[in-house]
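The chain contents come next:
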There are 2 protein chains.
Amino acid sequence: MSQDKVKIVLQEEDIPRFWYNVQADMPNPAGPPLNPATRQPAGPEDLSAIFPMDLIMQEVSTDRWIEIPQEVWEIYRLWRPTPVYRARRLEKALDTPARIYYKYEGVSPAGSHKPNTAIAQAYYNKKAGIKRLTTETGAGQWGSALALACNFFGLECRVYMVRVSYQQKPYRRSFMEVYGAEVIPSPSNATESGRRILAENPDSLGSLGIAISEAIEEAASRGDTNYSLGSVLNHVVLHQTVIGLEAKKQLESMDAYPDVVIGCCGGGSNFSGLAFPFIPDKLAGRQVELIAVEPTACPTLTRGTFTYDFGDTAQLTPLLNMYTLGHDFMPPGIHAGGLRYHGDSPLLSRLVHDGYITARACNQTEVFAAAVLFARQEGILPAPESAHAIKVAVDEALACKESGAARAILFGLSGHGHFDLAAYDNYLAGQLADVPYSEEELARSLAALP
Amino acid sequence: MSQDKVKIVLQEEDIPRFWYNVQADMPNPAGPPLNPATRQPAGPEDLSAIFPMDLIMQEVSTDRWIEIPQEVWEIYRLWRPTPVYRARRLEKALDTPARIYYKYEGVSPAGSHKPNTAIAQAYYNKKAGIKRLTTETGAGQWGSALALACNFFGLECRVYMVRVSYQQKPYRRSFMEVYGAEVIPSPSNATESGRRILAENPDSLGSLGIAISEAIEEAASRGDTNYSLGSVLNHVVLHQTVIGLEAKKQLESMDAYPDVVIGCCGGGSNFSGLAFPFIPDKLAGRQVELIAVEPTACPTLTRGTFTYDFGDTAQLTPLLNMYTLGHDFMPPGIHAGGLRYHGDSPLLSRLVHDGYITARACNQTEVFAAAVLFARQEGILPAPESAHAIKVAVDEALACKESGAARAILFGLSGHGHFDLAAYDNYLAGQLADVPYSEEELARSLAALP
């Protein structure tokens, strides 16, 4: 009976009690963040103006297992464990001998994997006596996750939302406001960074870089306020490992183990959350391929340089050791807004550099074709970001059809596309194009690396 | 451990294998539909132009249990069993001794309970050799459910979408199109009914009544095409009983039984799907209160008349024995578009008339206040329709606080509100008002009953 299932559902007691910290097992540690002024490894004091000490300690910890606080676990169980599906209808449509599994994080109240870390970050900040959190959001996925989390822990939440998104996606704003967050368009008059931009250009549409600068500036200048980041950093990646830990258990319950694990990759927390729990097995000699998928429009892992760079345009963050396209690289506009980041998690970057993880880039039209195929077979409307993983899973399944190999493919479906229907509309109307990045722009931004 | 859970999750094998047919147990049967011309009970031949025989037989069956076809069951398991939650955070916020449970149907791919019947209807039509289904949609919930269902069974699907919704809610349209449905604004030039309206008023914004007429006309005039209705009829209500059957099992697993069962009510299929499986217990003497909640703007059960009336404005349907506000009653615009129907399921109407089910009406501002309270406590953003049930559940829980009674409250959360954020935006901006129906309009429409 159980072998025949399409939905592998665990119970609350199966939610992990510990996060998995890949830093305990990495053959080569990731380079430490550097103080941008001194270029020396940043210490806790470099971060304590904007992060609570518990998160700073997680950032540098080499403990393999870090206990999930009971208060966080109790919120997790509102939607966790998330289901793993066997994509039987998709397999049939592709006529492939492969078994395709996907871990679906879109069942969270915010609709993506983002609350896994937002809840943890809000908890540790609350515990440290912090009253408010600031953050930035582009498309709104991260903003709504943090709004939800702050709401649960009684923290105020201010979200600097890129002005063009604020204007074009009013419903994303409303979603955050339902959870009680204050959402202000960035650039704003609330910060020095914002005022400087507005003085130059009162009609500025904003950018994620500007919004990050505003959120950090406010957090650094107020004792009761901290800043919260939705990807890239080690503690964020750590919190996301509940995804992979659950998925492993779910596949085990089906007597399955993946030959390949696939996830979309923007800042890296979604991919890493799914894939890192398989790293110890891989280091122990188990055959498991780990593939991070990014858009060709913003090909950080496939075309970037492995070096030290700033995490933000305004050069406010420490220097991070990672693959980067340059901190002021301007990718073309694509609908997978969550994958338009110039850099990547230092942990993930190191593992890619060392050959444990591979990367692929996809064009947005082929990604949307895979998304529609998936929606019609499996029912779920995927987020454009998540559809990058679908595209590569389909490619892998078709390769199995060629080779006859009955491989087990696990991919991460990081969120639903209920707020992305404008993009689907565009695609179905035949108006969606592939938008390559500019080689000139890339050469310029790489030349400007610190 | 299990008593402490917030999420009561069943496995695939717990999905019901049979629908429950309340017609087997009703003390007084519902009046049969009447042929509008002869006023005699309508026979299968009155319906066979637009419905397949299996559904017509379900419409009149008095078998207590009707087997769910394997093909339907296999689609159900893409999202069923749906979870029951214990709303522990909401209970705490209300400081109530009551235990609040809710059955969440928003996990379906279309985001509501509607696919439970859409899948079944598509299956039976496919089995009968039908190639296309037509239907109407206002807000889009039903249209997307039928689009999904037709997609799974390889049927073409044409959705007549009320023109004003087509224009104002393009994303709902895109959602249906992702599943391969053809969506056309109604009134259209595709039907005689549509052309007649357009000749009178080329700028007509349309109405659900007009859209129904167009969908039925097309289905009746084409041998390869049938019509599909999303609520009201006996077979629709039958298919929705998977909701209540699962919920009973889930509560049993917690050693719980509801003192009160609450659901929102438009055409009645959501409420009935949750509540009808409790009817046999109630008839056997068990104390369980069943409360249908409707908007004060369209108070079918609380202010309507129990009589025979048409199901649609254009008087194309058989006469149905039900509570009605009059088939051309025009309710004011409210955001819970799914609850703006003038009539109600004949089965539900009969049980209300006979005193087994009670009804309450709520104003939309108090409904949205309950929705926001719920979202902040439980995380899930509810559909405005579903929030009517939340409002009454909160009232009941507060009554328990007064009385000290630790009652068990079960309500149906029929869908998520991801496509309703414009309404929330309105509410949060303080721009949402209660919009009472017009007593004059009601007197007029009741006077025009057939």
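Rules of the game
Residues numbered from 1 in each chain as written. Chains lettered and ligands numbered in written order. Predicted model: local features only at pLDDT ≥ 70, side-chain atom pairs only at ≥ 80, totals over all residues. Heavy atoms only, no water. Contact = heavy atoms within 4.5 Å. Buried area = accessible area lost by both parts, 1.4 Å probe. Salt bridge = Lys/Arg side-chain N within 4 Å of Asp/Glu carboxyl O. Polar contact = N/O pair within 3.5 Å; in protein donor to acceptor, adjacent residues only side chain to side chain. Helix = DSSP H or I, 4+ residues; strand = E, 2+ residues; numbered from the N terminus. Nonpolar A, V, L, I, M, F, W, Y, C, P; charged D, E, K, R; others polar. Pairing = 2+ DSSP bridges. Axes fitted to C-alpha atoms, helices over the stretch in contact; angles between N-to-C directions. Buried < 20%, exposed > 50% of the residue type's maximum accessible area, 1.4 Å probe, protein only. Domains from an automatic or database assignment. Patch = residues over 30% accessible without salt bridge, like charges linked within 9 Å, V, L, I, M, F, W, Y side chains within 5 Å. Areas by Shrake-Rupley, 256 points an atom, 1.4 Å probe, with all protein chains shown as cover. Expected span 1.5 Å × (residues − 1).

1. Some points on the interface of chain A and chain B
Item 1. Taken together, the contact between chain A and chain B spans 47 residues of the former and 47 residues of the latter.
Item 2. Both sides of the chain A and chain B interface together cover about 4,200 Å² of buried area, and 57% of this is carbon and sulfur.
Item 3. Counting the contacts that link chain A with chain B gives four salt bridges.
Item 4. In this structure, the salt-bridge partner of arginine 77 of chain A is aspartate 4 of chain B, at a minimum N-O distance of 3.8 Å.
Item 5. Here chain A is connected to chain B by 27 residue pairs in polar contact (both at pLDDT 80 or more).
Item 6. Top contributing element to the side of chain A that touches chain B by residue count: helix α8 (residues 170-178) of chain A, with six residues.
Item 7. Grouping the amino acids of the side of chain A that touches chain B by side-chain chemistry returns 25 nonpolar, eight polar and 14 charged.

2. Comments concerning the sheet that holds strand β1 (residues 7-8) of chain B
Residues and elements named next belong to chain B.
Item 1. In spatial order, the strands read β1-β4-β5-β15-β10-β11-β14; together these seven strands make up an open sheet with mixed pairing. Only two strands of the sheet have a single neighbouring strand rather than two, namely β1 and β14 (358-362).
Item 2. By the bridge criterion, five bridges tie strand β10 (residues 260-264) to strand β11 (residues 289-295) in an arrangement that is parallel. In the strand pairing of β11, valine 261 is matched with leucine 290.
Item 3. Lying on the sheet, helix α11 (residues 234-253) is in contact with β1, β4 (84-86), β5 (99-104) and β15 (408-413); it crosses β5 at an angle near 140°.
Item 4. Of the strands in this sheet, β4, β5, β14 and β15 touch helix α16 (residues 364-378), which is tilted by about 95° from β14.

3. Section: the pairing of β11 of chain B
All names here are of chain B.
Item 1. Summarising burial for β11: six of the seven residues are buried, a large majority.
Item 2. Of the strand pairs in this sheet, β11 and β14 are connected by five bridges, and their pairing is parallel. Residue pairing across strands places alanine 292 opposite alanine 359, the latter belonging to β14.

4. A few points about the domain arrangement of chain A
Residue and element names in this part refer to chain A.
Item 1. Along its sequence, chain A is carved into domain 1 (7-14 + 80-111 + 237-446) and domain 2 (18-67 + 114-234).
Item 2. Using C-alpha coordinates to define each centre, domain 1 is positioned 22 Å away from domain 2.
Item 3. Between domain 1 and domain 2, the residue contacts involve 45 residues of the former and 46 residues of the latter.
Item 4. Regarding the contact of domain 1 and domain 2, the summed buried area is about 3,900 Å², with carbon and sulfur atoms giving 66% of it.
Item 5. Looking at the side of domain 1 facing domain 2, the largest losses of area belong to Leu238, His239 and Leu347, adding up to 19% of the total buried there.
Item 6. Between the two partners, domain 1 and domain 2, sit one salt bridge.
Item 7. Applying the counting criterion to the domain 1 and domain 2 interface returns 16 residue pairs in polar contact (both at pLDDT 80 or more).
Item 8. If you list the elements that add at least two residues to the side of domain 1 that touches domain 2, you get α11 (234-253), α13 (279-283), β12 (305-310), β13 (319-324) and α15 (346-353).
Item 9. Top contributing element to the side of domain 1 that touches domain 2 by residue count: α11, with eight residues.
Item 10. Among the residues making up the side of domain 1 that touches domain 2, the classes are represented as 25 nonpolar, 13 polar and seven charged.

5. Brief notes about the sheet that holds strand β4 (residues 84-86) of chain A
Residues and elements named next belong to chain A.
Item 1. Spatial strand order, β1-β4-β5-β15-β10-β11-β14: seven strands in an open sheet with mixed pairing. Here the strands that pair on one side only, and so sit at the sheet edges, are β1 (7-8) and β14 (358-362).
Item 2. Those strands touched by helix α16 (residues 364-378) are β4, β5 (99-104), β14 and β15 (408-413), and its axis lies near 95° from that of β14.

6. Side note on a nonpolar patch on the surface
Item 1. Where nonpolar side chains cluster on the molecular surface, the patch consists of Met53, Met57 and Val60 of chain A and spans about 280 Å² of accessible area.
Item 2. Relative to the assigned elements, methionine 57 of chain A resides in helix α2 (residues 53-60).

7. Some words on helix α10 (residues 208-221) of chain B
Residue and element names in this part refer to chain B.
Item 1. The terminal C-alpha atoms of α10 lie 20 Å apart, and with 14 residues this matches the ideal 20 Å at 1.5 Å per residue to within 8%.
Item 2. The buried fraction of α10 amounts to 10 of the 14 residues, a majority that puts the element mostly inside the structure.
Item 3. All buried positions along α10 are accounted for by Gly209, Ile210, Ala211, Ile212, Ser213, Glu214, Ala215, Ile216, Glu218 and Ala219.
Item 4. Structurally, α10 contributes buried residues whose contacts are with β6 (132-137), β7 (156-162), β8 (182-186), α9 (192-200) and β9 (225-227).

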